[in-house]
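# Results of the structural survey
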2 protein chains.
Amino acid sequence: MGRVTIYEVAQAAGVSVATVSRALNGGPVAPATRERVLEVARRLGYRPDRLAQGLATGRSRTVGVVIPDATGPLYGQMQRGLADVLTAAGFGYIATESRRDPGREAALLDEMLARKVEALVLVGSGLPVEALRARFSTLPPLVLIEREGAAAGVPTYQIENEAAAYRATRALLSAGHTKIAHIKGLRRAGREREAGFLRALAEAGLEPAAVAAGDFTEEGGYRAARALLARGGFTAIFAANDRMALGVYRAAFEAGHKIPEDLSVVGFDDLAFSAYLTPPLSTLRQPAYELGRRAGEAVLSMLGGKTPESAVLPCAYVARASVARKGGAV
Amino acid sequence: MGRVTIYEVAQAAGVSVATVSRALNGGPVAPATRERVLEVARRLGYRPDRLAQGLATGRSRTVGVVIPDATGPLYGQMQRGLADVLTAAGFGYIATESRRDPGREAALLDEMLARKVEALVLVGSGLPVEALRARFSTLPPLVLIEREGAAAGVPTYQIENEAAAYRATRALLSAGHTKIAHIKGLRRAGREREAGFLRALAEAGLEPAAVAAGDFTEEGGYRAARALLARGGFTAIFAANDRMALGVYRAAFEAGHKIPEDLSVVGFDDLAFSAYLTPPLSTLRQPAYELGRRAGEAVLSMLGGKTPESAVLPCAYVARASVARKGGAV
DNA sequence: GCCGCTTTTGTAAGCGCTTACAAGGGGGAA
DNA sequence: TTCCCCCTTGTAAGCGCTTACAAAAGCGGC
């Protein structure tokens, strides 16, 4: 592979390897020497060996990223935010999928530790921080995204699920709806969104018309919506994400209900397709890229010995045509 | 970090480091000794240092993956296929996004080479293989996905764009449509799909009713469809991907055309949302996971000194309600 | 012209692991 | 019992790089 080593550069430039290393890494070297070394290195096509560098310095310039499911559309944006700040700082990263399997997650972490990652970014649900600390005696700096851990003193970046759901529900309320159903999602995000939904209703002195359990997929949303529609008694549905909202569209169509005339719908995520549905879906836009960027900056600042603050990032309510003033109840 | 080294294990087990290394890696060691060493290693929480291993063996057990855009929904599945076979074989991988920027791609490759990846999986459009070989004197085994290179003798895995588009068009033809429009996509995939479309028509002795350029996004599909609908003269549209097909749905709705009564639509990709649109979209299902899996196996076999064969994977036509027998022309 | 100081450069010791090579031990054949 | 061979283990030399430490070289001030 990387044939040319620092030794050959040293020889060709007529200096010692120490000088080459210093010239390459900005150490103290006479300007003329540095220039000569750099020139020779380029001519020879020298490429440093990160493995050797890592071994010698104890720093791998790599951060590990663990996500539950890489197929989510928002994950790509998050990863991009992370990559932007990390690569700008000269760091590489290795990303892997835990698929929500604790055993698998532990194995991935093992492998990342073996690769001497300098920091770990954990995304989404997974083993609690305490469990990690117990299992891995020696852990690099941790940064969490959409995961519990602020209590354990770990910088955590998340979106304001509760507050955003609250605002979405308020939007429905101010359109005159008083009988609102909810299709909830899984895990913490699902619970928080439901909490925001319930709080908005409670403040208005209302009860939820109905709450059905979904699983964040189109199919789950469809099934939940069918169940809900069979019973009726509401004029709007707040689905915990856009994919389930799409399931609602389908169920409503099949049941002969028109959106938004008979039924208003709000989703969560603002996926690419949401703006192009008929009618375009009102939803909450997640700052996914920003989440990644913030986490990346947190990694850098922890590596610099600082203690970054956790943050909860805002979601923007995007009003589209799927919400209308209260019409006939379903 | 990984405090415990092979030396401490050796000392605690009363053997030499060589024996520990052999015990750990399945070298020739007396069974009793191996057991004792393994036990001690576990008790001490020993974790091998991949960097040091890599330096010593010259093999990093890592493969590099470069993709143009990680936000695509199919990419996640492909990555999963790749990861499944690679991690099972004890390989890690580092994935990065080129964002279709040649300079950026070259920089990423540089970094991967510095990390001594044992193989490179290049996905989607990017620098031609010859250019890579010219720029990087020393390149590890290459495997390509959805990218030109079979000519250069590099194992390449792709989906049958042309044949699949041909079949989709045939489906439209056999539903009685004779005036069919196409919204084409970008790059090679776009060209191949268009070619399949044209071939099917030519075989039937027909001309395309119209061909508009799209960019694979909902917005692009929407704009193209509006332009097409303004001129009219067709009863079906074949969009080069599902996202653009969704744009067609929107444009058709706004123009007052009903799908599939007035207009039949076929997409490409079978994204998660496609089955839940109203009406559900007929489309072509891509074997994305399989693509990744095959590429992973190719990597392994090349590392084993073999020469894997390139392959073109089939797409399945999924017939749904967006295609009807020819109705009134738009 | 000599001294002490500040650069600039070289020497060599690792970082943690693998692996040729050699040595020690034990068993079977003679 | 002796010899040979094979199995098991240890010694030590790197892999490519960084970095103390020390030596060399250059400088101004006296």
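Residues numbered from 1 in each chain as written. Chains lettered and ligands numbered in written order. Predicted model: local features only at pLDDT ≥ 70, side-chain atom pairs only at ≥ 80, totals over all residues. Heavy atoms only, no water.

## Digging into the packing of helix α1 (residues 6-13) of chain A against helix α3 (residues 31-44) of chain A
Residues and elements named next belong to chain A. Stated formally: Every axis corresponds to a line fitted to the C-alpha atoms, with the helix fit spanning only the stretch in contact, and the corresponding angles, defined between N-to-C directions, vary from 0 to 180 degrees. Working definition: helices are DSSP H or I runs of at least four residues, strands are E runs of at least two. Numbering for both runs from the N terminus. Small angles under 35 degrees read as roughly parallel and large ones over 145 as roughly antiparallel, with 65 to 115 read as roughly perpendicular and the rest as oblique. Rotating anticlockwise by less than a right angle from the far helix to the near helix defines a left-handed crossing, while the corresponding clockwise rotation defines a right-handed one. Residue contacts are counted whenever heavy atoms from the two residues lie within 4.5 Å of one another.
Packing of α1 against α3 leaves a shortest axis separation of 9 Å and a crossing angle of 120°. One way to sum up the angle between α1 and α3 is to call them oblique. For the element pair α1 and α3, the recorded crossing hand is right-handed. Contact residues: E8, V9, A12 and A13 in α1; R36, V37, V40, A41 and L44 in α3.

## Considering the environment of K116(A)
Residues and elements named next belong to chain A. We apply this condition: Exposure classes here rest on a 1.4 Å probe applied to the protein chains alone. A residue is buried below 20% of its type maximum, exposed above 50%, and partly exposed in between.
Relative to the helices and strands, K116 is located in the loop between α6 (102-114) and β3 (119-123). Judged by its relative accessible area of 12%, K116 is buried. As for K116 and G267, which are separated by 151 residues in sequence, their C-alpha atoms are 41 Å apart.

## Structural notes on the relation of the copies chain B and chain A
Both copies of the chain are related through a single rotation about an axis accompanied by a shift along the same axis. As a reminder of what qualifies: The superposition of copies rests on a least-squares fit of C-alpha positions from residues with pLDDT of 70 or more in both.
Superposing chain B onto chain A takes a rotation of 180° combined with a translation of 0.1 Å along the rotation axis, leaving an RMSD of 0.1 Å. Viewed as a symmetry operation, the transformation between the two copies matches a two-fold axis. A symmetric contact is evident, with 100% of the interface residues of chain B recurring at the interface of chain A.

## A closer look at helix α8 (residues 161-174) of chain B
The condition is simple: What a helix is expected to span follows from its residue count: subtract one and scale by 1.5 Å.
An ideal rise of 1.5 Å per residue puts 20 Å on 14 residues; α8(B) measures up with 20 Å between its terminal C-alpha atoms. For α8(B), the complete set of buried residues consists of N161(B), A164(B), A165(B), Y166(B), A168(B), T169(B), A171(B), L172(B) and L173(B).

## Quick notes on the domain arrangement of chain A
The condition that has to hold: For the domain bounds, the source is a domain assignment made automatically or taken from a database.
On domain assignment, one finds that chain A holds domain 1 (6-48), domain 2 (58-158 + 288-314) and domain 3 (161-286). Each of domain 1 of chain A and domain 3 of chain A was reduced to a C-alpha centroid, and the two centroids are 63 Å apart.

## Thoughts on the protein's contact with DNA strand D
Defined as follows: Nearness of a residue to a molecule or strand requires only that one of the residue's heavy atoms be within 4 Å of it. As used in this structure description, the phrase polar contact means that two N or O atoms lie within 3.5 Å; if the pair is within protein, one of them must be able to donate a hydrogen and the other to accept it, and residues adjacent in sequence are counted only when both atoms belong to side chains. Three residue categories are used. Nonpolar comprises Ala, Val, Leu, Ile, Met, Phe, Trp, Tyr, Cys and Pro, charged comprises Asp, Glu, Lys and Arg, and polar comprises the others, including Gly.
If you check the shell around DNA strand D, you find 25 residues, and the closest are I6(A), S21(A), Y46(A), T19(B) and T33(B). Counting only atoms of DNA strand D within 4 Å of the protein, the fraction found in sugar and phosphate groups is 62%. One of the backbone nitrogen or oxygen atoms of A52(A) is found 3.4 Å away from a base nitrogen of DNA strand D. Looking at the surface near DNA strand D, the element that brings in the most residues is helix α4 (residues 50-57) of chain A, giving four residues. When grouped by side-chain class, the residues that make up the surface near DNA strand D number 14 nonpolar, eight polar and three charged.

## Re the interface of chain B and chain A
We count it as follows: In the sections that follow, a salt bridge refers to a side-chain nitrogen of Lys or Arg positioned within 4 Å of a carboxyl oxygen of Asp or Glu.
The interface is formed by 56 residues belonging to chain B together with 56 residues belonging to chain A. Summed over the shared surface of chain B and chain A, the result is 12 salt bridges. The salt bridge partner of E111(B) is R50(A), with a shortest N-O separation of 3.0 Å. Put simply, the parts of the chain that give the side of chain B that touches chain A at least two residues each are α4 (50-57), α5 (73-88), β2 (92-97), α6 (102-114), α10 (218-231) and α11 (242-254) of chain B. In terms of residues, the side of chain B that touches chain A owes the most to one element, β2(B), which gives six residues. The class makeup of the residues in the side of chain B that touches chain A is 25 nonpolar, 13 polar and 18 charged.

## Quick word on the protein's contact with DNA strand C
Of all residues adjacent to DNA strand C, which total 27 residues, the nearest are T19(A), T33(A), I6(B), S21(B) and Y46(B). Within 4 Å of the protein, the atoms of DNA strand C are drawn from sugar and phosphate moieties in a proportion of 63%. At a separation of 3.2 Å, a base nitrogen of DNA strand C approaches a polar side-chain atom of Y7(B). Considered class by class, the residues forming the surface near DNA strand C number 14 nonpolar, eight polar and five charged.

## Examining the pairing of strand β1 (residues 62-67) of chain B
Residue and element names in this part refer to chain B. Filter applied, for reference: By this definition, two strands are paired if DSSP reports at least two bridges between them.
The buried fraction of β1 is high, at six of six residues. Covered by surrounding structure in β1 are T62, G64 and V66 together with V63, V65 and I67, the residues of both alternating faces. Of the strand pairs in this sheet, β1 and β2 are connected by six bridges, and their pairing is parallel. In the strand pairing of β2, V66 is matched with T96.

## Looking at the environment of A239(B)
Residues and elements named next belong to chain B. Inspection of the secondary structure puts A239 in strand β8 (residues 236-239). Here the alpha-carbon distance between A239 and G214, two residues 25 residues apart in the chain, equals 8.7 Å. Apart from residues lying up to four places away in sequence, A239 is in contact with I183, M244, A245, V266, G267 and F268.

## Observations concerning the sheet that holds β3(A)
Hydrogen bonds between backbone atoms are what pair the strands of a sheet, whose relative direction is either parallel or antiparallel. Residue and element names in this part refer to chain A. Taken together, the six strands give an open sheet; going across it, the order is β2-β1-β3-β4-β5-β11, and neighbouring strands pair in parallel fashion. Among the strands making up the open sheet, the edge pair consists of β2 (92-97) and β11 (311-313). Within this sheet the neighbouring strands show an average axis-to-axis angle of 15°, counted without direction. Relative to strand β5 (residues 156-159), strand β4 (residues 142-145) runs parallel, the two sharing two bridges. Paired with I145 across the strands is Y157, a residue of β5.

## Observations concerning empty space enclosed by the protein
The criterion, for reference: Only protein atoms enter the 1 Å grid used here. Points where a 1.4 Å probe fits but cannot escape make up a cavity, open sets with protein on both sides within 12 Å along at least five of seven lines make up a pocket, and a residue lines them when an atom lies within 4 Å of a point. Grid points are joined across faces, edges and corners, and a volume is the space filled by probe spheres set on the points.
Scanning all chains against the criterion turns up eight cavities of 30 Å³ or more. A volume near 200 Å³ is recorded for the largest cavity. Within the residue set of the lining of the largest cavity, elements represented by two or more residues are α4 of chain A together with α4 of chain B.

## Looking at the pairing of β5(A)
Residue and element names in this part refer to chain A. Residues T156 and Q158 of β5 are buried on one face, and the alternating residues Y157 and I159, pointing to the opposite face, are buried as well. As paired elements, β5 and β11 share three bridges and run parallel to each other. The partner of Q158 across the bridge, within β11, is V312.

## So, the sheet that holds strand β9 (residues 264-266) of chain A
Residue and element names in this part refer to chain A. Within the open sheet, the four strands sit side by side as β7-β6-β8-β9. Their pairing is parallel. The open sheet terminates on both sides in strands that have one partner only, identified here as β7 (210-213) and β9. Looking at each pair of strands side by side, their axes are set apart by 15° on average, direction ignored. Looking at chain direction, strand β6 (residues 180-184) and strand β8 (residues 236-239) are connected through four bridges and run parallel.

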